[in-house]
Amino acid sequence: MRNGYKPRTILTSTGEITLDVPQVRNSATPFHPVIPGFEQGARIDRALNLSIAEMYLQGVSTRKVAKVMKELCGGHGVSAAYVSQCAAQLDELFEQWRTRPLPLISHLFLDATYIKTRLNNRVTDCAVFVAVGIEAETGKRIVLGISTGISEAAEHWSAFIQSLLDRGMNTPLTVTSDDHKGIRTALARTLTGTLWQRCQFHFQQNAQAYVTSARYKGIAASHIRSIFNAGTRNMAKLVTQNVLATFREDGQDKLADWLEENIEECLTIIDCPPNVQRRLRTSNIMECINRQLKRRTNVVSIFPSEASLLRLVTAKAMDLSDEWEGSSKTYITPEKLRQTAGVLTAAAPQSRESSAA
């Protein structure tokens, strides 16, 4: 039975609309008009919700979105909290992307960055894990996955890499990353047989900790780069011996000892074609992604939850991966990938023996 009417106001892309909604009694099901904006008691139509979410994900802060909607629709506009709720409507789409099947890849890059997030009523640095692959068939870059965690502990890295394998990722020929213990342990657990290329850029940064004189830092970096640019493994060994002798003559014994112990980890791809070496020898590609993620997340400053952080970084990663996959440019040509595969396959037994020794 009808029980009078109650005014209801909704915000639409054309402004506020007030309608008289019939009130019912003695009914198990409340009355819901078949009008966009009234579903489940919503006060804004679906198209406007998506517009709000799009503005937020593209880099506009929640407060600025709320201000814009007030100007467009009049009245009180929307709250910052409502902007976040609109963005949450895309969670299903983001989850589908994060769990999609993966293509065959030849090379894998791993890295993580930290973004301030409120966890358990405390503001802390939350780790954002990112994996980028080089597609074996096309030679294009692709963001394979993105995830969040409370730290870069081996358990979190292992779970992240295992999730990629569960989605169909094959065992890549190489993995390029920095020397984080969590990554190293996780690789040993999940990608046995894959060759590890230690990032040469981070290696040079690590070397600075063993230089005893500030004026020698630039000299040390130049000598180490000469090893990386040697071109072939035999030439790299010869240059390494010369560099070690120079360091010891200059009183940099700690640096020489550390270099001698760790340099082989940076030369995994030394026998690959020169242009392929430049692509695989550092994780600079990941540093680029991290900068883009930070540029967007800095707008928020502190995320209210891990879910809201994952939502935003997923949106950014999707856009970046779509740009790479839709481009006509290749990162490494398929022909060079096949040539590289032959070189690395032949070098794999020797590399494993060196690691065991």
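Reading guide: rules and limits
Residues numbered from 1 in each chain as written. Predicted model: local features only at pLDDT ≥ 70, side-chain atom pairs only at ≥ 80, totals over all residues. Heavy atoms only, no water. Phe/Tyr/Trp six-rings, centres within 6.5 Å; stacked < 30°, edge-to-face > 60°. Lys NZ or Arg CZ within 6 Å of the ring centre and 35° of its normal. Axes fitted to C-alpha atoms, helices over the stretch in contact; angles between N-to-C directions. Helix = DSSP H or I, 4+ residues; strand = E, 2+ residues; numbered from the N terminus. Parallel < 35°, antiparallel > 145°, perpendicular 65-115°, else oblique. Left-handed = near helix turned anticlockwise from the far one by under 90°. Contact = heavy atoms within 4.5 Å. Pairing = 2+ DSSP bridges. Buried < 20%, exposed > 50% of the residue type's maximum accessible area, 1.4 Å probe, protein only. Salt bridge = Lys/Arg side-chain N within 4 Å of Asp/Glu carboxyl O.

1. Overview of the packing of aromatic side chains
Link 1 in the chain: Per the stated rule, a full pass over the model turns up seven aromatic pairs.
Link 2 in the chain: Linked through ring pairs, Phe203, Tyr210, Phe228 and Trp258 together constitute an aromatic cluster.
Link 3 in the chain: In this arrangement the basic side chain of Arg279 is found over the ring face of Tyr331, its NZ or CZ atom lying 4.4 Å from the centre.

2. Overview of the packing of helix H7 (residues 200–207) against helix H10 (residues 253–262)
Link 1 in the chain: The contact between H7 and H10 brings their axes to 11 Å, and the two run at 155°. Comparing their axes, H10 and H7 come out roughly antiparallel. Seen from above, H7 lies across H10 with right-handed handedness. Of the residues in H10, those touching H7 at Phe203, Asn206 and Ala207 are Leu255, Trp258, Leu259 and Asn262.

3. Quick look at the sheet that holds strand E7 (residues 195–198)
Link 1 in the chain: On the basis of which strands lie adjacent, the open sheet formed by five strands has the order E5-E4-E3-E6-E7 and mixed pairing. Where the open sheet ends on each side, the last strands, each with one partner, are strand E5 (141–149) and E7. Across the sheet, the mean angle from the axis of one strand to that of its neighbour is 25°, orientation sign disregarded.
Link 2 in the chain: Bridge count between strand E6 (residues 174–177) and E7: four bridges; the pairing is parallel. Each residue of the ladder has a partner; that of Thr174, found in E7, is Leu195.
Link 3 in the chain: Together, strand E3 (105–119), strand E4 (122–135) and E5 form the strand contacts of helix H12 (residues 284–297), whose direction differs from that of E3 by roughly 30°.

4. Describing the pairing of E5
Link 1 in the chain: In terms of residue burial, E5 counts as a mostly covered element, since seven of its nine residues are buried.
Link 2 in the chain: One ladder, built from eight bridges, connects E4 with E5; its direction is antiparallel. Among the inter-strand pairings, Ala127 is bridged to a residue of E5, identified as Gly149.

5. A short note on H7
Link 1 in the chain: Taken together, the buried positions of H7 are Gln200, His202, Phe203, Gln204 and Ala207.
Link 2 in the chain: Lining the buried residues of H7 we find E7, helix H8 (217–228), H10 and H12.

6. With respect to the pattern of salt bridges
Link 1 in the chain: One pass over the structure, following the stated rule, counts 12 salt bridges.
Link 2 in the chain: Note that Asp125 is salt-bridged to Lys116, the shortest N-O span being 3.4 Å.
Link 3 in the chain: Owing to a relative accessible area of 43%, Lys116 belongs among the partly exposed residues under this scheme.
Link 4 in the chain: Each of the salt bridges in this network shares a partner with another, and the network as a whole consists of Asp179, Arg184, Arg198 and Glu265.

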